[in-house]
Amino acid sequence: MPPIHFDHKFKILVLGESGVGKTSILSRFLKPNCPFPDVPAPVTTETEDHFQRLRFRNKSVILHLVDVGGHKFNPAANCVPQIVRCVQGVVIAFDLTSQLSFLEVSKWLDFVRKRCHEQVPVLPVGNKSNEAERWVDSMKVKDLES
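The structure presented is a predicted model; accordingly, all values stated were derived computationally and were not measured.

Engineer: Even after reading the chapter, I still don't get the packing of aromatic side chains, so can you show me in this structure?
Structural biologist: Where two aromatic rings form a pair, the distance of their centres and the angle of their planes describe that pair. Summed over all chains, the structure comprises 2 aromatic pairs. Each ring, one from F94 and one from F102, has its centre 5.2 Å from the other, and the planes form 70°; the classification is edge-to-face. For F102, a relative accessible area of 8% gives the class buried. With 6.3 Å between their ring centres and 80° between their planes, W108 and F111 make a pair best called edge-to-face. With W108 and F111 both in helix α4 (residues 105-115), this residue pair falls 3 residues apart, about one helical turn. The pair W108 / F111 is uniform in exposure class, with both members buried.

Engineer: When you look at the pairing of strand β2 (residues 47-56) in this model, what are you seeing that I'm missing?
Structural biologist: On a regular strand, each side chain points to the face opposite its neighbour's, so the side chains alternate between the two faces of the sheet. In the sheet, β2 pairs with strand β3 (residues 59-68) via 10 bridges, with the strands oriented antiparallel. Pairing of D49 across the sheet is with V66, part of β3. Between the end of β2 and the start of β3, which pair antiparallel, lie 2 residues, with R57 showing a positive phi angle near 50°.

Engineer: Can you help me understand the environment of K22 in this one?
Structural biologist: Checked against the element boundaries, K22 lands in helix α1 (residues 22-30). On the basis of relative accessibility, which here comes to 6%, the residue K22 falls in the buried class. Put simply, K22 and V68 are 46 residues apart on the chain and 8.2 Å apart in space, counted from C-alpha to C-alpha. Within the local environment of K22, its side chain forms a polar contact with the backbone oxygen of G16, the two atoms lying 3.2 Å apart.

Reading the values: the criteria
Residues numbered from 1 in each chain as written. Predicted model: local features only at pLDDT ≥ 70, side-chain atom pairs only at ≥ 80, totals over all residues. Heavy atoms only, no water. Phe/Tyr/Trp six-rings, centres within 6.5 Å; stacked < 30°, edge-to-face > 60°. Buried < 20%, exposed > 50% of the residue type's maximum accessible area, 1.4 Å probe, protein only. Helix = DSSP H or I, 4+ residues; strand = E, 2+ residues; numbered from the N terminus. Pairing = 2+ DSSP bridges. Polar contact = N/O pair within 3.5 Å; in protein donor to acceptor, adjacent residues only side chain to side chain.

And the structure:
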C-alpha cells in the first residue's frame, strides 16, 4: 500500500466530561450527511482515534482527531503523555444544559495547560443547543476567556 501524501497533519484532542456529546460532535463532523440518530452514542470509555482528509487552500490536510472518553479519564494515567504528544489543538466540549459540565471546563483547561505546550489553541464548544432548558449562556462562555 503506497503512503498517503499530505501537506499538513494536525492532531486535535476532544476533551470534556462524560455525556456532553464529544463523540456526537465528531460523528457529525466526520459524516455530515448521515442522519443523526435519536439513540445517543455509547459512552466512550477509552480514547478513539479518527482521521479525516481535507483539502484546504489547495493543500492536502490530515486531521487526527482524538476522542478522549470523559467517563473514567485519569490525567495521571501512563497513557496521557502519548495522548497529548504533538497536539496542535484542543476542543473542550460541555453540555449547555448542565451546570456541572460547564464548571468542569476549568479542570480541563488546567489539564491542557499542564500537559500540552502553552501555545496550543483551545476551543470551548457548547453542545445540546437544541434542548429547551439551557444553563449556559454566551456571557458565561465569555467569562472563560478571563
